[in-house]
Amino acid sequence: MIEQHSIDYIPHAERHGKVWHQGPFWFTGNFVVVTMVTGFVGPAMGLSVWFSVLAVVLGACFGTFFMAFHANQGPRMGLPQMIQSRAQFGSRGAIVPFAATVFVYVGFIVFDTILATQGINVFPEAKAFWYPLLIIVSIVIAVVGHDLLHFIQRWLTYALVVVFAIVTIVAIVHFSTAPVAQGAAVATAGWSLVAFLVQFSLAAGYNISYAVYVSDYTRYLPANASAPKLITSVYIGAAFSAVWLMSLGALLASYIPDADPINSLRSVGDIFFPGFGTIAVIVAVLALVSIMGVNAYGAMLTGSTAVDAFRKVRPTVRLRVIGLIVVGLVALIVALLIPDNYLNSFNSFVLLMLYFLVPWTAVNLVDFYFVRHGKYAIAEILKPGGYYGHWAWRGVVAYSVGFLVMIPFFSLSFFVGPMAQLLGGADFSFAIGLVVSGGLYLLFSRSMDAKAEAAARAASNLELEGTEAELQ
């Protein structure tokens, strides 16, 4: 029952699963209370509920576009998501995006743990008990691995849809007819370009952050899985859940003064009937624990890949367990140290994810779709000193320049770049990073030796599958 693979290649004979399973997997993966918190930001900055919803829809749909196209890499390459970056950056050159990715994983585990604990227990002093327990449960799920994560995510979808459909309908009906509460954001909300762009960027960055996960959960699919169906399934699942839950968050934050995600969910649920709010919170906590397992699993894969660049490791079950224990301990320490007022920390965290991951996703997708057209020497990627080398200057330079030109456009609670100041605090950095990093990498790639790589691919296919033929 325990998954045997780690950062290694999944042979064609071991591929399994159905493309449509990706839809519910990413729906549930994104349908967590942390996602709802992202929708709080627009109203908190004075944006009306409908403008907040519009920013959420545009941002989430934009960010999911990049995430969904990464899904197609899994079955074509049979590798976890981040180890694929070695083809663009080299095994050691990829350390910067690897570090950013582990930061994303651990950060999400921390915020998920805090919210899940709030949902389970009303006594803050008990976090020293609940934090370790929740993290241990998520680690156990991740140890069993890929198939259990898919199973849990798929079946949780049904419960989440039913429960949150009721909560959403109740919230819309109640807030459209009840008097506006004193201190509610909706009383003074209106239009703000800065708030709109911040909400857009947070929604986009939140879903772009899932780009570092995607192939981890598509790599077991058959190599000839339909690309359009796979991309569509992932897109619909991730975009729909983000738009739904972020919009619900915007609604709650607009009408409930000083909205807290868990208490707001509980109070709206109890309007349906007393106790239903508790049911809604319990279902939400289950989803949080499940996605904590997904995050821990991804952090383990990325961390193992980073270590492998400097010291070759064997992709065994033992390695996975050790890696997961380390991830759990780091997340626990951070969760215990983070301030109770975590909303500002969360907003900065999401924006930092956007800054570090946008240049990476641009380089990675341009390489896969426009440069190498999905054809790689997989066995060489798995060798730290193989064909793709320790340092690949094209990816490193394109990423670095793209990140540097984004800095003047940064807009954070602790730093606002000069260009962002001129724009009143609006943040356009993601657009700059995408264009510059992707464009530079495409330009640099014109000098690649296609014939040499073709020979390396043939040798790789023979080594991995016993044939030089490439699966089209």
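Refer to the structure above for everything that follows.
As a starting point, this report considers the structure included with it.

1. Thoughts on the pattern of salt bridges
- Applying the stated criterion across every chain yields a total of eight salt bridges.
- Across the pair Arg86 and Asp308 runs a salt bridge, and its minimum N-O distance is 2.8 Å. Of this pair, Arg86 sits in helix H6 (residues 86-89) while Asp308 sits in helix H13 (residues 276-308); the two residues are 222 residues apart in sequence, bridging distant segments of the chain.
- Put simply, Glu3, Arg219 and Arg320 are held in one network by salt bridges that share partners.

2. Details of the environment of Gln84
- By the secondary structure assignment, Gln84 is in the loop between helix H5 (73-77) and H6.
- With a relative accessible area of 1%, Gln84 lands in the buried category.
- Between the C-alpha atom of Gln84 and that of Gly74, which follows or precedes it by 10 residues, the distance is 9.3 Å.

3. Focus on the side chain of Ser209
- Relative to the assigned elements, Ser209 resides in the loop between helix H10 (193-208) and helix H11 (227-255).
- Polar contacts involving the side chain of Ser209 include one to the main-chain carbonyl oxygen of Tyr206, which spans 2.4 Å.
- Residues within four places of Ser209 in sequence aside, it is in contact with Val104, Phe108, Met353 and Leu357.

4. Focus: the nonpolar core
- Counting 151 residues, the largest nonpolar core has Trp26, Phe164 and Ile381 as the members making the most contacts within it.
- With 18 residues, the single largest contributor to this core is H13.
- Residues contacting Trp26, with those up to four places away along its chain left out, are Met67, Tyr210, Tyr213, Val214, Tyr217, Val234, Gly237, Ala238 and Ser241.

5. Some details on unusual backbone geometry
- You will see that Asp258, though not glycine, has its phi angle at about 50 degrees, which is positive.
- Positive phi values are uncommon outside glycine, yet His373 reaches one of about 55 degrees.
- Tracing the chain through its elements places His373 in the loop between helix H15 (343-371) and helix H16 (378-381).

6. Topic: the packing of aromatic side chains
- Enumeration according to the criterion identifies 41 aromatic pairs in this entry.
- Considering the side-chain rings of Phe31 and Phe164, the 5.0 Å spacing of their centres and the 85 degrees angle between planes classify their relative orientation as edge-to-face. You can see Phe31 sitting in the loop between helix H1 (22-30) and helix H2 (33-38) and its partner Phe164 sitting in helix H9 (residues 146-177), a full 133 residues away along the chain.
- With a centroid separation of 5.0 Å and an interplanar angle of 35 degrees, the aromatic rings of Tyr210 and Tyr213 are classed as tilted.
- Among the residues examined, Tyr210 registers a relative accessible area of 2% and is labelled buried.
- Looking at Tyr213, the relative accessible area reads 1%, which means it is buried.

7. Notes on H9
- Helix length check: H9, at 32 residues, gives a terminal C-alpha distance of 46 Å against a target of 46 Å (1.5 Å per residue), a fit within 8%.
- Taken as a whole, H9 carries its principal kink of about 30 degrees at Thr157.

8. Quick notes on a nonpolar patch on the surface
- Taken together, the side chains of Phe51, Leu54, Leu58, Trp191 and Leu193 define a hydrophobic patch exposed on the protein surface, amounting to about 470 Å² of accessible area.
- For the nonpolar patch, the leading source of residues is helix H4 (residues 49-71), giving three residues.
- Summarising the element assignment, Leu58 is placed in helix H4.

9. Observations regarding the packing of H9 against H11
- One can describe the packing of H9 onto H11 by two numbers: an axis separation of 11 Å at closest approach and a directional angle of 35 degrees. As for the relative orientation of H9 and H11, their crossing is left-handed in sense. From H9, Val161, Phe164, Ala165, Val167, Thr168, Ala171, Ile172 and Phe175 reach across to H11, where they touch Trp244, Leu245, Leu248, Leu251, Leu252 and Tyr255.
- Of the residues contributing to the contact of H9 with H11, the split by class is 13 nonpolar, one polar and no charged.

10. Some points on the packing of helix H8 (residues 127-144) against H13
- Put simply, H8 and H13 touch, their axes get as near as 8 Å, and they point 60 degrees apart. What the angle tells us is that H8 and H13 run oblique. Seen from above, H8 lies across H13 with right-handed handedness. Of the residues in H13, those in contact with Leu134, Ile135, Val137, Ser138, Ile139, Ile141 and Ala142 of H8 are Val289, Met292, Gly293, Ala296 and Tyr297.
- Its residues placed into classes, the contact of H8 with H13 shows 10 nonpolar, two polar and no charged.

Reading guide: rules and limits
- Residues numbered from 1 in each chain as written.
- Predicted model: local features only at pLDDT ≥ 70, side-chain atom pairs only at ≥ 80, totals over all residues.
- Heavy atoms only, no water.
- Salt bridge = Lys/Arg side-chain N within 4 Å of Asp/Glu carboxyl O.
- Helix = DSSP H or I, 4+ residues; strand = E, 2+ residues; numbered from the N terminus.
- Buried < 20%, exposed > 50% of the residue type's maximum accessible area, 1.4 Å probe, protein only.
- Polar contact = N/O pair within 3.5 Å; in protein donor to acceptor, adjacent residues only side chain to side chain.
- Contact = heavy atoms within 4.5 Å.
- Core = buried A, V, L, I, M, F, W, Y, C linked by side-chain atoms within 4.5 Å.
- Phe/Tyr/Trp six-rings, centres within 6.5 Å; stacked < 30°, edge-to-face > 60°.
- Expected span 1.5 Å × (residues − 1).
- Bend = angle between axes of the 7 residues up to and from the residue.
- Patch = residues over 30% accessible without salt bridge, like charges linked within 9 Å, V, L, I, M, F, W, Y side chains within 5 Å.
- Areas by Shrake-Rupley, 256 points an atom, 1.4 Å probe, with all protein chains shown as cover.
- Axes fitted to C-alpha atoms, helices over the stretch in contact; angles between N-to-C directions.
- Left-handed = near helix turned anticlockwise from the far one by under 90°.
- Nonpolar A, V, L, I, M, F, W, Y, C, P; charged D, E, K, R; others polar.
- Parallel < 35°, antiparallel > 145°, perpendicular 65-115°, else oblique.

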